Amino acid sequence: MSVLLSLSMGLAEAKDADFNQPVTIDAGRQLVELADNKVTFSDRVVVKQGSMDVRADKLVVIRSEQGLQSMTAHGAPATYYQVLNNGQPVKAEAREIHYDMKARTITLLKDAKLKQNDNIVTGYRIRYHIDREQMEAESQGGTDRVTTIFLPEQLQNMNDKKAQD
C-alpha cells in the first residue's frame, strides 16, 4: 500500500513542474486532419513536456479551440518516463498511453506496467487521476490479474515504521 501511495503521490508531485510546460513532439511524419482537429504523428515519435518523455510508434493528438484535449501514444510498447520533484524516476509502458488533459488522467492500456525504483505494478489498465492523486489498476478479467511487486527491504521498513508507531 505504501508503494502504491508513493507511486501515485510521485505523479502528483510532478504535475505542477511538468504538466504546465509546453509540449514538444518530434516525429518522422505527421498527418493533420483539420476537419477532425486531429494530428497523427508516426515514425519514432518523441513527446517531451518538462521532465516527461513519451516514446511511441504513433501518437494521435486531438485539439479543440481551447487547445490540446488528449494525446494517445501507441507502441509495442509505448513508454513513459518522468522525474518527480523528489528526484525519483517513474517509468511506465503499455501498448497505449492516453493522456486526457481535460479529465486530467493518464491511462496505460494493454500490457500496462508502472515502475518506481524496483517496485512494479502490472495489469491490463492502470489509470492515474492527477487531481484526485488516485491510481487504479485493473485486470481484463479471466486469468489476467493485477500484480504488485514490493521489495523485501521496503516491506521491512514499513513493518519497522509500524512497530515504532
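Keep in mind that what you see is a predicted model, and the values were worked out from it rather than measured.

Undergrad: How do you make sense of the overall build of the protein when you look at a structure like this?
TA: In terms of regular secondary structure, the protein is built from two helices and 10 strands. Listing each helix as α and each strand as β along the protein from the N terminus yields α-β-β-β-β-β-β-β-β-β-β-α. Across the 165 residues of the protein, 38% fall into the buried class. In the protein, 41% of the contacts between residues at least 6 apart in sequence involve partners at least 24 apart.

Undergrad: Just checking my understanding: could you explain empty space enclosed by the protein for this structure?
TA: A probe matching the size of a water molecule, rolled over the atoms, marks out where space remains unfilled. Taken as a whole, this structure holds two cavities of 30 Å³ or more when the rule is applied. One number sums up the size of the largest cavity: a volume of about 100 Å³. Contributing to the lining of the largest cavity are Val-47, Met-52, Val-54, Leu-59, Met-71, Thr-72, Ala-73, Tyr-80, Ile-97, His-98, Tyr-99 and Ile-106. For the lining of the largest cavity, the secondary structure elements donating two or more residues are strand E4 (52-64), strand E5 (67-83) and strand E6 (89-100). Here the lining of the largest cavity is built from residues that sort into 10 nonpolar, two polar and no charged.

Undergrad: What should I look at first to understand the pattern of salt bridges in this one?
TA: Oppositely charged side chains can form a pair if their charged atoms are brought close together. Counted according to the given criterion, the structure contains seven salt bridges. Three or more residues joined by partner-sharing salt bridges are found here, namely Lys-48, Asp-53 and Arg-55.

Undergrad: I would appreciate a short explanation of the confidence of the model for the protein in the present structure.
TA: As a general rule, the predicted coordinates of low-pLDDT regions are not to be interpreted in detail. Of the residues in the protein, 79% reach a pLDDT of 70 or more, and the chain-wide mean stands at 80. Within the protein, the lowest mean pLDDT, 47, falls on helix H1 (residues 2-18), and the highest, 96, falls on strand E2 (residues 29-33).

Undergrad: Help me understand the side chain of Asp-53 in this model?
TA: Within the element layout of this structure, Asp-53 appears in strand E4. A relative accessible area of 12% means that Asp-53 is categorised as buried. If near-sequence neighbours (up to four positions away) are discounted, Asp-53 is found in contact with Val-46, Val-47, Lys-48, Thr-79, Tyr-80 and Tyr-81.

Undergrad: Can you walk me through the pairing of E6 in this structure?
TA: For a regular strand, side chains alternate in direction, first toward one face of the sheet and then toward the other. Inspection of the sheet shows E5 paired to E6 by 11 bridges, in the antiparallel sense. Among the inter-strand pairings, Gln-82 is bridged to a residue of E6, identified as Val-90. Bridging between E6 and strand E7 (residues 105-116) involves nine bridges; their strand directions are antiparallel. Counted as the bridge partner of Val-90 is Gln-116 from E7. Here E6 folds back onto E7 in antiparallel fashion, the turn holding four residues, of which Arg-104 has a positive phi close to 55 degrees.

Conventions used here
Numbers given to residues run from 1 along each chain, matching the order in which its sequence is written. Local features in a predicted model are, by the rule used here, given only for residues with pLDDT of at least 70; side-chain atom pairs are given and counted only at 80 or more, and totals for whole chains, interfaces and linings are based on all residues. With hydrogens and water set aside, each side-chain value is computed from the structure's full complement of heavy atoms. Strands here mean DSSP runs of E at least two residues long; helices mean DSSP runs of H or I at least four residues long; both are numbered from the N terminus. The rule is simple: take the accessible area with a 1.4 Å probe, protein chains only, and divide by the maximum for that residue type; under 20% is buried, over 50% is exposed, in between is partly exposed. Contacts are residue-level and defined by heavy atoms, with any inter-residue pair within 4.5 Å sufficient. Cavity and pocket criteria rest on a 1 Å grid covering protein atoms alone: a 1.4 Å probe that fits but cannot get out defines a cavity, protein on both sides within 12 Å along at least 5 of 7 lines defines an open pocket, and an atom within 4 Å of a point defines a lining residue. Grid points are joined across faces, edges and corners, and a volume is the space filled by probe spheres set on the points. Charged means Asp, Glu, Lys or Arg here, nonpolar means Ala, Val, Leu, Ile, Met, Phe, Trp, Tyr, Cys or Pro, and polar covers whatever is left, Gly included. When a carboxyl oxygen of Asp or Glu is within 4 Å of a side-chain nitrogen of Lys or Arg, the pair counts as a salt bridge. Per residue, pLDDT captures the predictor's confidence, and it can take any value from 0 to 100. At least two DSSP bridges between two strands are required for those strands to pair.

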